[in-house]
Amino acid sequence: MAFQAVPVGGVLQPIPFFATGRLSKFQRPTFGNQRLITSRQQTVVALAPPGTIAPQPPATCSLVGSSQPSSSSTSTSSSRSSSTTLSSTASSSTSSSSSSRSSSSSTSSSSSTSRSSSSSTTVVTTSSSSSSTSSSRSTSSSSTSSAPYPSYTNTPIPKGKIVTYNWNITWVSASPDGFRRPFVGINGQWPCPPIKGNVGDIIKINLVNMLGNQTTTLHFHGLFQQNTTYEDGPAMVNQCPIPPGSSFVYQFNLWQAGTYWYHAHVGGQYIDGLRGPLIINDPKAPWTIPNTPYKVDQEYTLTLSDLYHKQAPYLIHYYLSANNTDTTGGAEPVPNSNLINEAQNVQFAMTPGKTYLFRIINMGALAGQYLQFDQHDMQIVEVDGVYTLPQTVSQLFVAVAQRYAVIVKARPAATQNFAIVSQFNVDMFGSSVTPPNMNPTCTAYLVYDGSKPLPAPFTLTPQVWDDSRLVPWDKHTLIDGPNVRTIAFTADFGVDNAGSTRGFLSSFTYVSQKVPTMFTALTAPPDYVMNPAIYGHVNPRVLTFNSIVEIDLNNHDTRAHPFHLHGHNFQVINRGEGGTLWPGLDTTPQYPMRRDTVVVYGGSSVTIRFVADNPGINLFHCHTEWHVESGLTATFIEAPDVLQAYKPYIPNSHKNVCDALGISRKGNAGGNSKNWLDLSNANTEPEDPNLYYGAMTAPPPPDN
Ligand SMILES: [Cu+2]
């Protein structure tokens, strides 16, 4: 039973939804930005007393004990009590309210995390079982420091445990900046819990979409999904959307290590909150080496995000509609507030003399962020899951979807506390759509002594930032060979035939098809599988197995765009200059930086290389979520012939959600499996911008 979004007489109304069935059968959802939407009346996030975050010990399994790897039947009460117990491993200041919860279902393997938020000061208590270490996985090491490119055909068998999450995707009411609004949360909680595991573990997520009025999917950003391209998440690319009332299972291996995140990958839904950290612990990480200057004592996760007071479907509709007449660039919706750990005024407990690893993730929709710790330098040791030689900086620029792990050394004495400031890059914030009172900064604190006052926020001055100077720990040289396939992309914005704001990669705007691209690739006859035409208007590029691919991306837009490649990290081997804050890269570095999300600056260019060693469907797109919605996306159909030969087992839940929505799992982009070159039934135009509301299953009534 789900609950109707609109209160009647102040009481939320239950509505039935169907376990299966086509979207047209669903009750037409109501829609409105200012309305309280929650899956249950009781799931309003409770206020918590002030306090500080307790750090986690590094280099241990920070998730579940091997004694209970997949206890799917863990009850709420038991998980809460275990949370309380496990908190004892954290610092004494973490007296946060584990009893203030009222969610009805638990997340079995993340039960050691409890979060609470209030409008002003937010306390996140993250504790972990440090006793459950890597005993079960002593030989499973597929550390990225030694094997950055695990072979497709020679992937090691994981030795780790299965880490199971039971997640109901639900509406949750919260007010991270004082403004209460609905968020897409998990098990009645928002912020969403982290996914955590060790290298070699298997993550299994039993998901139920209980939103009632939106589809959903999950993408695990930065994971290559080697051999499991069907678990990558983008709707109508690697899977069908998961309709309300349906269940779904994601299961994949953790081959990589480091700092990642997960987020919804349908209809801009993660803007509304379905996003969280994904941390893969590596017992062999560089910062675990004893007697080195960067040996870490404890670690934190620090997320950056931009908060909108209005819900994404409404904003997407406006952004794409002909009513949005800002033709200079589209007037992307501008956030209201800046958040750290989905909150404001978060406190991180610091102990003098200790060394901390901060895993920094920008989970936002639009805003790149400058981040600075007052009087504490940051030593970068990982970028997008790739270990780097340590590089010390006083400020970071973190674009949407990028991650950094940095080492921060605590000061020798607890004489005072210090501010952390994150600040939006406002270059893309159109003045005509910037909300009044938009606050571009968020403050958090390094707290050495809770009895001492918190400092005033400081003003941050953006500095030149050049991530392409980072050197990977493994010193992988330039990917090169006799036959480099060069793919040139240009990025532009414009208006399509319907008057809709669209992004164009090499003059093509991405148009979702009638058959998910992966199913087209899996069912195409050998004569056609390598033919881009059968995939329709998804901006397809078919890659041959193990080919070296170079992308030359020229940005004709005046703004910066963070481009993300699914299924790989790539070397950044060239970068044009783009304004005073963005130095160019004149010569290819000896050991090019690798990452999975790179900024191409306004009026500038970037050149990247990777090896097409991961058969599957891998999107390449701007990660500004508004631009995903506007079609600034290309599709790499990577070695589909090898993919077919491999015969991946497509789990039943994939088939079920497609069937529930009446989406075909075979044929070309238009669903034709008899004449593969007949694309007459394929989609050639974006969805009608007058009817499109992102992940919503039906448009709202016209009065909205
Ligand atoms: Cu963009």
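Residues numbered from 1 in each chain as written. Predicted model: local features only at pLDDT ≥ 70, side-chain atom pairs only at ≥ 80, totals over all residues. Heavy atoms only, no water.

An unreviewed UniProt entry annotates the protein as Cupredoxin originating from Lasiosphaeria miniovina.

(A) Quick peek at the layout of surface pockets. Quantified by volume, the largest pocket comes out at close to 1,100 Å³. Taken together, 43 residues form the lining of the largest pocket, with Met236, Ser512, Glu687, Tyr692 and Gly694 sitting closest to its centre. With three residues, helix α4 (residues 625–629) is the largest single contributor of residues to the lining of the largest pocket. Each residue belonging to the lining of the largest pocket can be placed in one class, and the counts come to 23 nonpolar, 13 polar and seven charged. Approximately 310 Å³ is the volume found for the second largest pocket. (1 Å grid on protein atoms, 1.4 Å probe; cavity = no way out; pocket = protein on both sides within 12 Å on 5 of 7 lines; lining within 4 Å. Points joined across faces, edges and corners; volume = space filled by probe spheres on them. Helix = DSSP H or I, 4+ residues; strand = E, 2+ residues; numbered from the N terminus. Nonpolar A, V, L, I, M, F, W, Y, C, P; charged D, E, K, R; others polar.)

(B) Geometry of the packing of aromatic side chains. The tally for this structure, following the rule as stated, stands at 26 aromatic pairs. With a centroid separation of 5.2 Å and an interplanar angle of 35 degrees, the aromatic rings of Phe563 and Phe620 are classed as tilted. Note that Phe563 is positioned in strand β28 (residues 561–565) and Phe620 in strand β33 (residues 616–622), a separation of 57 residues in sequence. In this structure, Phe563 and Phe620 share a single accessibility class: buried. Each ring, one from Phe620 and one from Phe636, has its centre 6.0 Å from the other, and the planes form 40 degrees; the classification is tilted. On the criterion of sequence distance, the pair formed by Phe620 in strand β33 and Phe636 in strand β34 (residues 633–638) is long-range, its members being 16 residues apart. Phe620 sits in the buried class, given a relative accessible area of 1%. An aromatic cluster is present here, built from Tyr300, Phe348, Tyr356, Phe358 and Phe373 joined pairwise through their rings. The ring of Phe183 has Arg181 lying over it, and the distance from NZ or CZ to the ring centre is 4.6 Å. (Phe/Tyr/Trp six-rings, centres within 6.5 Å; stacked < 30°, edge-to-face > 60°. Buried < 20%, exposed > 50% of the residue type's maximum accessible area, 1.4 Å probe, protein only. Lys NZ or Arg CZ within 6 Å of the ring centre and 35° of its normal.)

(C) Layout of the sheet that holds strand β15 (residues 347–349). Spatial strand order, β15-β23-β22-β17-β20: five strands in an open sheet with mixed pairing. Looking at the sheet topology across the chains shown, the edges are occupied by β15 and β20 (396–398). Averaged over all pairs of adjacent strands, the angle between their axes in this sheet comes to 20 degrees, without regard to strand direction. Pairing between β15 and strand β23 (residues 441–447): three bridges, direction parallel. If you follow Ala349 over to β23, its bridge partner there is Val447. (Pairing = 2+ DSSP bridges. Axes fitted to C-alpha atoms, helices over the stretch in contact; angles between N-to-C directions.)

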